[in-house]
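Residue-level structural notes
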Amino acid sequence: MSVELMVWDEPEPITRDQARAVYLAVKKSEPVGGVLPEIVKELPGQVTVYPGHVLVGMDLESMDEMSAQVFTIAREHGLVCYDPQRDLVHNVAPLGVYQGMQLHTGDGMIVHDPDLGLVRDVLATMSPQNPFVALVNFGHHFLQVSPGYELEYKEQVLQRALLTDLADVQRAFQEYATGERAFLTRHEWTVI
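Below you will find a few notes about this structure. Nothing here was measured: the structure is a model prediction, and the numbers come from that model.

Overview of the packing of aromatic side chains
- In this structure the tally under the stated criterion is seven aromatic pairs.
- Seen in terms of ring centroids, Tyr176 and Phe183 are 6.3 Å apart; in terms of plane orientation they differ by 75 degrees. Their pairing is edge-to-face. In this pair, the class of Tyr176 matches that of Phe183, namely buried.
- Ring geometry for Phe183 versus Trp189: centroids 6.2 Å apart, planes at 65 degrees, classification edge-to-face. Both residues of the pair, Phe183 and Trp189, belong to the buried class.
- Counting every residue linked through ring pairs, the aromatic cluster contains Tyr98, Tyr153, Tyr176, Phe183 and Trp189.

Things to note about the pattern of salt bridges
- Per the counting criterion, the structure on display carries 13 salt bridges.
- Between Glu150 and Arg160 there is a salt bridge; the shortest N-O distance is 3.6 Å. Of this pair, Glu150 sits in strand β10 (residues 150-154) while Arg160 sits in strand β11 (residues 158-162), and the two are ten residues apart along the sequence.
- Classification of Glu150 as partly exposed rests on a relative accessible area of 30%.
- A cluster of three or more residues bridged by salt bridges with shared partners is formed by Asp64, Asp83, Arg86 and Asp107.

What about the pairing of β10?
- Pairing analysis gives five bridges linking strand β9 (residues 141-146) to β10, with the strands arranged antiparallel. Directly across from Phe142, in β10, lies its bridge partner Lys154.
- Counting the residues that bridge the hairpin from β9 to β10 gives three residues, and of these Gly148 lies at a positive phi of roughly 90 degrees.
- Looking at chain direction, β10 and β11 are connected through five bridges and run antiparallel. Its bridge partner lying in β11, Glu150 is registered against Leu162.
- Between β10 and the antiparallel strand that follows it, β11, lie three residues.

Looking at the sheet that holds strand β6 (residues 102-105)
- Strand order in the open sheet made by the seven strands is β7-β6-β8-β9-β10-β11-β12, with antiparallel pairing throughout. Two strands bound the open sheet, and with one partner strand each, they are β7 (110-112) and β12 (190-191).
- Relative to β7, β6 is paired through three bridges, and the arrangement is antiparallel. If you follow His104 over to β7, its bridge partner there is Ile110.

A look at the sheet that holds strand β4 (residues 80-83)
- Strand order across the open sheet formed by five strands is β2-β3-β1-β4-β5, with antiparallel pairing between neighbours. The outermost strands of the open sheet, each flanked by one partner alone, are β2 (46-50) and β5 (88-90). With strand direction ignored, the average angle separating the axes of adjacent strands in the sheet is 20 degrees.
- Its contacts with the sheet place helix α1 (residues 16-27) against β1 (2-8), β2, β3 (53-59), β4 and β5, and it is angled at close to 105 degrees to β1.

Focus on the packing of helix α3 (residues 116-123) against helix α4 (residues 166-177)
- Viewed as axis vectors pointing N to C, α3 and α4 meet at an angle of 150 degrees, and their least axial separation amounts to 10 Å. If you check the angle between α3 and α4, you find them roughly antiparallel. Once α3 is placed against α4, the crossing between them reads as right-handed. Contacts between α3 and α4 involve Leu116, Val119, Arg120 and Leu123 from the former and Leu166, Val169, Gln170, Phe173, Gln174 and Ala177 from the latter.
- Split into classes, the residues belonging to the contact of α3 with α4 amount to seven nonpolar, two polar and one charged.

Scoring rules and cut-offs
- Residues numbered from 1 in each chain as written.
- Predicted model: local features only at pLDDT ≥ 70, side-chain atom pairs only at ≥ 80, totals over all residues.
- Heavy atoms only, no water.
- Phe/Tyr/Trp six-rings, centres within 6.5 Å; stacked < 30°, edge-to-face > 60°.
- Buried < 20%, exposed > 50% of the residue type's maximum accessible area, 1.4 Å probe, protein only.
- Salt bridge = Lys/Arg side-chain N within 4 Å of Asp/Glu carboxyl O.
- Helix = DSSP H or I, 4+ residues; strand = E, 2+ residues; numbered from the N terminus.
- Pairing = 2+ DSSP bridges.
- Axes fitted to C-alpha atoms, helices over the stretch in contact; angles between N-to-C directions.
- Contact = heavy atoms within 4.5 Å.
- Parallel < 35°, antiparallel > 145°, perpendicular 65-115°, else oblique.
- Left-handed = near helix turned anticlockwise from the far one by under 90°.
- Nonpolar A, V, L, I, M, F, W, Y, C, P; charged D, E, K, R; others polar.

What follows is the structure in structure tokens.
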């Protein structure tokens, strides 16, 4: 089985619905030959070029590693990356305040310096197949959540809070990523 990612230029951040619509429209068109964009030389996997878009195919076994490479290369070139398997869009901005912050998911996705929209959307994908989402600033602190909205935060000590709904979780992750700490006073925490 193979999976794919599509990268292209967008002047502003786009939503998952917009990215999905672009992806589906491009897939109906014909690939192009001739002069290839410079980025093609850098991308791993099976690359197919469409007008203004590049499709990267890879096998399921190498998906996590290769996807991380594609996300990084797309960001370096200022390109959007759409993941149709997870129905997630990786925009170039806006980013959190911690350079080098990583987004980890229970289904194997790792994204360096994720955009805030991606973080919000990934939180909505928690399921038995994706049992956690974490934002990690290695050597400093992290915030993670598991289904049931059990939130864990660690800076010097590990603390746990039980939130009531996805919107609360998304707000806490937004605050954490942007350097705000209101989530620490808004919720009741237990030291573990």
